[in-house]
Amino acid sequence: MAKTLKLNKGAEQCLLELLKFLLERGKVKGVFTLSKVGESGGVAYSLITDPTALEAALPLFPLMPVDAAKVLSRLTLVEPSAEPIAAVVRPCELRALTELIKRSQGSLDNLLLISSTCGGVYPLETGVNGNISEKLPGYWEAVKKGEIAADIRPACAACEHFVPYNADITLALIGNQDVDKQCLIQLNTEKAEQFADGLAGELSKGEAKSGVVDSLIAKRQARKQELLDEFGVEDFDVQKVFEKCIVCRNCNKVCPVCYCKVCFFDSGGDEHDQRYYETEMGKKGYAPVLPAPIFYQLVRLFHVSISCIGCGLCGDVCPVDIPLWAVALKTGGAVQNAFDYLPGRDLDEGLPVTTFKPDEFAATVD
Amino acid sequence: MAKRLGVYVCECGTNIADKVDIDKVLAVVRSLKDVVVADRYKLLCSGDGQEYLKQSITENGLTHLVVAACSPKQHETTFMNVCERAGLNPYLFQLVNIREQCAWVTSDGEAATDKAIRQIRAAISRVHYHTALEKKGMECNPDVLVIGGGIAGIKASQILAAPDRKVYLVEKTASLGGKTRRFSKLFVNMESGPALIAGEIERLQKNKNIEVLTESEAEQILGFLGNFEVKVVSKAEDKEAKEQNFNVGAVVLATGFDLSDAKGLPQYGYGTLDDVYTSLDFEEMNLADGPTQGKILLKNGQPPKSAAIIHCVGRAEKGYCSKVCCLYSFKFDRMLQSQLAGVKIAHFYSDLCIPGKANQKFYEDSRESGVEFIRSAVTEIAGGDKGLTVKYESESGAKGDLAVDMVILLPAMETSGDARKFAEMLNIPQDDKGFLAEEHQLLSPVASAVEGVFVIGCARGPQSIAESIVQAEASAGKILSALVPGRKLELEVKTSQILESFCTGCKTCLEVCPYGAITFDEDRQISVVNEVLCHGCGNCAAACPSGAARLKHFTFPQLYQELKEVLR
Amino acid sequence: MAPDDKGALFPAEGGVRERVIAFLQKAISQGCFDAVLIPARAPGTDSLTYSLIGAEQLLENAYPLPPVMPVQGAKAISSLTRTGKGTKKIAALIRPCELRATVELFKLGQVDLDNIWLISIDCPGALPLAEWAKDAKKAEDAFAKILKEGPNEDIRPICQICDKFSTTGAEDLHIGVPAGKASGILLIPNSPKGEAILECLGITAGEDLSGWRERVDKLTGARVEKKRQAQQELEAKSKGLDKLLDTFSQCINCHNCMRVCPICYCQQCFFDSDNMQFSFEDYLKRAQAAGGLRLPPDTLLFHIGRMLHMSLSCVSCGACEDACPTAIPVAQVFSLVGNRNQEAFDYVPGRSRDEPPPLRVYQEEEFEEVEQSHAAVPAKQEARDG
């Protein structure tokens, strides 16, 4: 039974207090969280080592400029962290990190993982125009009530996995009526208890999961279905969906599951010489020249579907507004269901491709 | 394997110790990760100091070494040798210059100490990323390439050729012999040029260690002393061009001279008036296989009754004296007199150049035989119905003219047209007169600025056959002592490599390599570094945007770590 | 650089698109070339994909001068020819900035032009990619208006200050839209290959181009002035480390700008390579040195590094800005830096196939010149600003 601490401070303040406590007491050497950057209202992840620099930190700011899992993977790829670091990440980022660790793309050693029940984030576009600050009050209202905030990213509106798996510490935000005055910090692991030892706060019985959370899960599931229907995902016409794709590969670059050092599409493996194009042209009278959108998108889906978290960054960064998140969510969901696999749920749950046995084929196909 | 760094700060007597607070430096250094020992020593380059270092490396089981002392130019090799003796790869070492770059450039001790700490920290960061590099050696190639089949080239080839040393003699025209072959007589003893040369050529051709390539030109020479990669293209008339590639250890340039173009000085009438000849024209006339079968004749077929020899044609314009013209002009006197009884000869000169122990008499004999010597400036050679008139101004300013049948001009000697091509190919400077420059006017007269490349004969300045032979012998001497067969050449260790997976074939690196060390592999469509020719200058690594070209010992991580610490 | 200004009038009816397609169809039927590389739309979709089209009737789906520039033409030509030549004669119909980028790539060994005929066309600009993405039909209508009436405020910011929208001199053939005529296009050859097209079509270059040239020159002059002003403003807003950091503060390091840039030809970008792979300790040390470290780090380093590598060849095509998910004015900044650097070397990227990139022919002695040229920029600027 996890221990829960209650602090009489608003959620963000509470988290900042925890982080400050950890840094000042030397329990961690650095804190990884969102921080203000520039004057236009933007945020970026930072590794903060000086407690005073925490003044610029905005850990619960509803914007996800990059996937924290990608960053943490990059940080710990060459060698694990030798020092304790506290990392504040969203539930989807945490799941992505788990998927990356399964593929040896980083290490969880010495990381204290802090997450929260997540109300979602706004599209990058909104963040770019500096408009998030005016949306904040509405956002937190939705969090309190367990509603889906208006104008939140579609991927977030459709997300039912907003209760973090495998976090050391979880902040219970969703459904907390007094989220601006009071905060519940759930210490899930022994590690969490050790780190938080000495933090001023009363023991409480509350926990992250609650009736409000359950009802939000239901709302999100309904919304997901609505959005997918809107998008017409059942009549998925590959040509139509990807017709505007310019193969900028942004989706590949921001996706946490795309971890290849040299993507197949950078390796020249897909290059053809002119004679090939001429032959193709000879067959049909025309031949599209690289880059080939459908081939790229499908191959990427093949590679990432099994671990697709549904974080939605792909759609966020697409310059021609293809709702990639919907495509990924649907195909990802379908593939994962076939194997009864939920990416990021369990670090010990092996990737289906590594555990699949031939006799499972029939079951899977059904 | 865990890294064990040793850091030593040399006091350099008082040079460093008096300025930098070494103990403070050591205190900082000792706290750094992986530094297992850090200490100071009075004079690390001394015999005792080196022994101390060697022992320390072994005793402390050091995997990397950092020494903070003087300039790498002075002692980098010293300490690298210490590492080697101690069994530590010498490239796992970094020398930090806290003398010339720190203690010696400030009087502020605090600033010096602070800077020394930064520099040493940077070196420690860098050395973490060093990799062991192995020395490379290759045997020097003792063979020699001689370019130019004139007397200088022939002589050099004869001396150098031996069973363990092949000589490639490359000659542009169809026959060996150069200019000497076309001098019917040679001063001072008036022996036959063709006969002399024929003898030398026969000797040469009998020598199995000399490969003669006529109608051939060297198109590409890349490399350095002990290893030049040569490409020679042979093209006989009406035949297909043939390419030959071979390696040599040294190159001798004996490309000879041309006469400067007398047509560029219209006052002498060359090319416009009949019977105005240059010295080389006159030489041809006297050859049995020449245009007049050896007879000295005017254009009208008659032998001349008088001749004027005009010295210093073009000397003022060129700005130098061609040294041998006066001497061979006296030779012309004898050639004219022996064929044409009673011929009147007049020399027009401003100064006579008669150096050498045998030559004064040569001149006096001319005078005594009735040849006139008129000290003057020739203003014009005029033509007319009655033949040529030499118009001149004497020293006193008095004007005069002399009617003659034939005028022989002595134009300035220039280096042959090919010199420029080889100067560029081999990166040898040309002096301000266009001749290939010797390394040092006094102390190194036949070597060029490029090690392994020698310049002899008229390619480097106007001179006589005797002097050209002396230089041929000198260059042979230098080559023989430098290129001992079996001697090992040390090749550059810190060379560049191009990673195939990154290279996209843009060829920028090829264009910026000063040593011609990069070639393009058409099949794989990538650039490839010849590590033997590579000097490790780093141009390619700097020019390559993708990081395909990487310089060993100066990789991005190494430089990045060093810079990061220095800037902190 | 104005070419010889001989041209031919090719008779064709309809809007600019129709006229150009008619020309291409005729040229293919006469065998002037075997196929065309041009953006084309798969019927029933909104797509615009560079395609090799050999069948005349399929040219009906071609889109010369599409409303947006989804893929830089130079990249398409490079995809086609980089790994091996073909046997057919192919005409590539591209915007002037795509042409200039192609010429740069040619000099960098990424494009083979032996069997390619480069045909450029007077360009009124392109609309922002995001607009087309939101509503393709609306964008097409807006662009049809521009094709008819000339460029307006709807075109991308980088297009609004473009002074190289017409002939460069490096193309084989240039297509101009004749002044005051509702039909026909001007075919202006600039090389023997271009002349061969006219010969093949059986038309002579006898048309008076003065009207067209006048119009082009006038607009060029106006654009030069607009560019000067815009760049002056941009410089004031972004010059200096602090301002530059601010300009790029929203950058999420997606590297999209590099990905779509035609000049960025590296197989793997230096900034994606193992050279930028650091240990955790490195990151922590950096964070400790400053109290905090933004992650992923080195955002500005990427941009400055990219400028270092490609700015001398930057043709100001704007593909980067179209692709940026956080609306950073990348093209405008890179174009500004590119222009200044190019000025220092007297180099205009794409103007000549024979002019080597400055880095390759740079001699030590020139350093002073270049240095002074940069120092002279403030003076030049003062002169410009009057």
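Up top is the structure these notes are about.
Quick caveat: nothing in here was measured; it's all calculated off a predicted structure.

Caption draft 1: Representation of the interface of chain B and chain C. Chain B puts 23 residues into the contact, and the matching count from chain C is 24 residues. Taking both sides of the interface into account, the surface hidden between chain B and chain C amounts to around 2,100 Å²; carbon and sulfur atoms contribute 51%. It is Thr 504, Pro 545 and Phe 556 of chain B that lose the most area in chain B upon contact with chain C, and together they represent 28% of the buried surface on that side. With a closest N to O distance of 3.2 Å, Asp 274 of chain C and Arg 550 of chain B form a salt bridge. Where chain B meets chain C, there are 12 residue pairs in polar contact (both at pLDDT 80 or more). It is helix α15 (residues 556–567) of chain B that contributes the most residues to the side of chain B that touches chain C, 6 residues altogether. When grouped by side-chain class, the residues that make up the side of chain B that touches chain C number 9 nonpolar, 7 polar and 7 charged.

Caption draft 2: Representation of the state of the cysteines. Going through the model one piece at a time under the given rule, you end up with 1 disulfide over all chains. Across the disulfide from Cys 32 of chain C sits Cys 200 of chain C; the S-S distance is 2.2 Å. Judged by the sign of its S-S torsion, about -90°, the bond between Cys 32 of chain C and Cys 200 of chain C is left-handed. Here the residue Cys 32 of chain C occupies a position in the loop between α1 (16–29) and β2 (35–40), and Cys 200 of chain C occupies one in helix α7 (residues 192–201), the gap between them amounting to 168 residues. With a relative accessible area of 6%, Cys 32 of chain C lands in the buried category. The thiol of Cys 70 of chain B is unpaired, and the distance to the nearest cysteine sulfur, on Cys 12 of chain B, comes to 6.0 Å. Since its relative accessible area comes to 5%, Cys 70 of chain B is described here as buried.

Caption draft 3: Region of interest: the interface of chain A and chain C. In this assembly, 68 residues from chain A lie in contact with 73 residues from chain C. For the pairing of chain A and chain C, the buried interface totals around 5,700 Å² over both sides, and the portion due to carbon and sulfur atoms is 59%. Here chain A and chain C share 2 salt bridges between them. For Arg 82 of chain C, the salt bridge goes to Glu 271 of chain A, with nearest N and O atoms at 3.0 Å. Inspection of the region where chain A meets chain C yields 26 residue pairs in polar contact (both at pLDDT 80 or more). Only β2 (30–37), β3 (42–48), α2 (68–75), α4 (124–128), α9 (238–241), α10 (250–254), α11 (274–284) and β9 (286–288) of chain A provide two or more residues apiece to the side of chain A that touches chain C. Pairing between β3 of chain A and strand β8 (residues 292–295) of chain C: 4 bridges, direction antiparallel. The residue of β8 of chain C that forms the bridge with Leu 47 of chain A is Leu 293 of chain C.

Caption draft 4: View of the packing of aromatic side chains. A complete count under the given rule lists 28 aromatic pairs over all chains for this structure. With a centroid separation of 4.8 Å and an interplanar angle of 5°, the aromatic rings of Phe 32 of chain A and Tyr 45 of chain A are classed as stacked. Placement of the pair is Phe 32 of chain A in strand β2 and Tyr 45 of chain A in strand β3, with a sequence separation of 13 residues. Aromatic pair Phe 282 of chain B and Phe 332 of chain B: ring centres 4.7 Å apart, planes at 65°, arrangement edge-to-face. Within this pair, whereas Phe 282 of chain B is found in helix α7 (residues 279–285), its partner Phe 332 of chain B is found in helix α9 (residues 325–339), the two being separated by 50 residues in sequence. With relative accessibility at 0%, the residue Phe 282 of chain B sits in the buried group. When the ring centre of Trp 117 of chain C is taken as origin, the NZ or CZ atom of Lys 193 of chain C, which lies over that ring, is 4.9 Å away.

Caption draft 5: The arrangement of helix α14 (residues 324–338) of chain A in detail. Residues and elements named next belong to chain A. Between its terminal C-alpha atoms α14 stretches 21 Å, which fits the 21 Å expected from 15 residues at 1.5 Å a residue. Those residues of α14 that fall on the buried side of the exposure criterion are Leu 324, Trp 325, Ala 326, Val 327, Ala 328, Leu 329, Gly 332 and Gln 336. Looking one or two places after α14, you find Asp 340, whose phi comes out positive at around 55°.

Caption draft 6: Representation of the packing of helix α5 (residues 151–160) of chain B against helix α6 (residues 193–206) of chain B within the structure. Residues and elements named next belong to chain B. Across the interface, α5 lies against α6 with an axial gap of 10 Å and an inter-helix angle of 35°. In the crossing of α5 with α6, the sense of the turn from one axis to the other is left-handed. Side by side, α5 and α6 meet where Ile 151, Ile 154, Lys 155, Ser 157 and Gln 158 of the first sit next to Ile 197, Glu 200, Ile 201, Arg 203 and Leu 204 of the second.

Caption draft 7: Representation of the packing of helix α4 (residues 109–128) of chain B against α15 of chain B in the model. Residues and elements named next belong to chain B. Viewed as axis vectors pointing N to C, α4 and α15 meet at an angle of 155°, and their least axial separation amounts to 8 Å. On the basis of their axis angle, the class for α4 and α15 is roughly antiparallel. The handedness of the crossing between α4 and α15 comes out as right-handed. Taken together, the residues of α15 that come into contact with α4 (itself represented by Arg 118, Arg 121, Ala 122, Ser 125 and Arg 126) are Gln 558, Leu 559, Gln 561, Glu 562, Glu 565, Val 566 and Leu 567.

Caption draft 8: Structural view of the sheet that holds strand β20 (residues 406–411) of chain B. Residues and elements named next belong to chain B. Here we have 7 strands laid out as an open sheet, ordered β14-β20-β15-β16-β17-β18-β19, and mixed in their pairing. Two strands close off the open sheet at either side, each with one partner strand: β14 (276–278) and β19 (399–404). Going across the sheet, the axis of each strand differs from the next one's by a mean of 40°, ignoring polarity. Examined bridge by bridge, β14 and β20 share 3 bridges and lie parallel to one another. Along β20, the bridge assignment pairs Tyr 277 with Ile 408. Against the sheet, α9 touches β15 (306–313), β16 (344–349), β17 (372–382) and β20, its axis set at about 155° to β20.

Caption draft 9: Quick look at a negative patch on the surface. Residues and elements named next belong to chain C. Residues Asp 346, Glu 368, Glu 369 and Glu 371 make up a contiguous surface patch of negative charge. Note on placement: Glu 369 falls in helix α16 (residues 366–385). Judged by relative accessible area, Glu 369 falls into the exposed class, the value being 56%.

What counts, and where the lines are drawn
Residues numbered from 1 in each chain as written. Chains lettered and ligands numbered in written order. Predicted model: local features only at pLDDT ≥ 70, side-chain atom pairs only at ≥ 80, totals over all residues. Heavy atoms only, no water. Contact = heavy atoms within 4.5 Å. Buried area = accessible area lost by both parts, 1.4 Å probe. Salt bridge = Lys/Arg side-chain N within 4 Å of Asp/Glu carboxyl O. Polar contact = N/O pair within 3.5 Å; in protein donor to acceptor, adjacent residues only side chain to side chain. Helix = DSSP H or I, 4+ residues; strand = E, 2+ residues; numbered from the N terminus. Nonpolar A, V, L, I, M, F, W, Y, C, P; charged D, E, K, R; others polar. Disulfide = S-S within 2.5 Å. Buried < 20%, exposed > 50% of the residue type's maximum accessible area, 1.4 Å probe, protein only. Pairing = 2+ DSSP bridges. Phe/Tyr/Trp six-rings, centres within 6.5 Å; stacked < 30°, edge-to-face > 60°. Lys NZ or Arg CZ within 6 Å of the ring centre and 35° of its normal. Expected span 1.5 Å × (residues − 1). Axes fitted to C-alpha atoms, helices over the stretch in contact; angles between N-to-C directions. Left-handed = near helix turned anticlockwise from the far one by under 90°. Parallel < 35°, antiparallel > 145°, perpendicular 65-115°, else oblique. Patch = residues over 30% accessible without salt bridge, like charges linked within 9 Å, V, L, I, M, F, W, Y side chains within 5 Å. Areas by Shrake-Rupley, 256 points an atom, 1.4 Å probe, with all protein chains shown as cover. Lys, Arg positive; Asp, Glu negative; His and termini not counted. Charge placed at Lys NZ, Arg CZ, Asp CG, Glu CD.

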